[in-house]
Amino acid sequence: MTPVRQAVHDDVAELVRLRAMLFDTLGGEFFNPPSGSGDWRDALAAVLRDQVSSDAVRILVVPGAGGLGACGIGTIEQRLPGPHLRNGRIGHVIGVVTDPAYRRRGHSRAIMRGLLDWFREREVARVDLYASPDGEPLYRALGFTDHPDPSLYWRP
């Protein structure tokens with residue numbers, strides 16, 4: 001059984017390492033712009049230090065030898081209720097990532113089950129995520145389907 005636990009402040013450096021690994025894996029100019037510098041890691045560490053104990057964020061980790069083997073982050077956003085979103089609570093799964101040395105052991109599945117339980121406990125109406133090609137089969141097996149809303153983005 002995979003030993004999943006909630007992250008603590010001492011995990012922040014490893015969480016930053018795993019997030020950087022995720023962006024390296026995803027590649028492309030969107031995730032790794034040519035003009036980008038490493039200063040985003042300091043900003044990420046500061047945000048993680050604030051959010052590691054937030055009620056609206058759940059960061060789950062799997063310990064590894066000398067660090068973390070995997071992590072996953074869930075957030076809850078309160079939007080306006082509507083007919084398709086009765087209470088307005090949307091969950092987001094942000095960056096489930098497993099160190100290559102710890103892959104194919106069920107860590108991502110265990111983290112996702114923990115996050116989905118947390119979302120259920122908080123009566124989240126919908127959970128969104130972006131899936132990498134490697135992660136998509138796991139998410140579909142957990143019940144995720146194609147999103148009906150069109151998605152666009154804008155960067156100032």
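See the structure shown above.
About the thresholds
Residues numbered from 1 in each chain as written. Predicted model: local features only at pLDDT ≥ 70, side-chain atom pairs only at ≥ 80, totals over all residues. Heavy atoms only, no water. Helix = DSSP H or I, 4+ residues; strand = E, 2+ residues; numbered from the N terminus. Expected span 1.5 Å × (residues − 1). Buried < 20%, exposed > 50% of the residue type's maximum accessible area, 1.4 Å probe, protein only. Arc of directions from axis to C-beta. Contact = heavy atoms within 4.5 Å.

A short note on the environment of G135
- Of note, G135 is situated in the loop between β5 (126-129) and α5 (136-141).
- When the C-alpha atoms of G135 and I73 are compared, they prove to be 15 Å apart, with 62 residues separating the residues in sequence.

Considerations on helix α3 (residues 39-51)
- Here α3 is 13 residues long and its end C-alpha atoms lie 19 Å apart, about the 18 Å a rise of 1.5 Å per residue gives.
- Listed in full, the buried residues belonging to α3 are L44, A45 and L48. Buried residues in α3, looked at end-on, bunch into an arc of 100 degrees, giving them a common side. Within α3, the exposed residues directed more than 90 degrees away from the buried face are D39, D42 and D50.

Points about helix α4 (residues 107-121)
- With 15 residues, α4 ought to run about 21 Å at 1.5 Å a step, and its terminal C-alpha atoms sit 21 Å apart, in line with that.
- Taken as a whole, α4 has its buried residues at H107, I111, M112, L115, L116, W118 and F119. Looking straight down α4, one finds that the buried residues subtend no more than 160 degrees of arc, so they occupy a single side. Within α4, the exposed residues directed more than 90 degrees away from the buried face are R120 and E121.
- For α4, the secondary structure elements touched by its buried residues are β2 (57-64), β3 (67-78), β4 (89-98), β5 and α5.
- Phi for E123, located one or two positions after α4, is positive at around 55 degrees.

Remarks on the side chain of R19
- Mapped onto the secondary structure, R19 falls in helix α1 (residues 12-26).
- A residue is classified by how much of its surface remains accessible, and R19, at 12% relative accessible area, is buried.
- Those residues in contact with R19 that lie beyond four places of it in its chain are W40, L44, I73, I94 and G95.

Considerations on unusual backbone geometry
- Positioned with a positive phi, R104 is a non-glycine residue whose angle comes to about 65 degrees.
- Considering the arrangement of structural elements, one finds R104 in the loop between β4 and α4.
- Of the residues examined, R104 reaches a relative accessible area of 86% and is grouped as exposed.
- With a phi angle near 55 degrees, E123 is a residue other than glycine that sits in the positive phi range.

Structural notes on the environment of S132
- When you line up the elements, S132 lands in the loop between β5 and α5.
- Accessibility expressed as a relative area gives 26% for S132, which makes it partly exposed.

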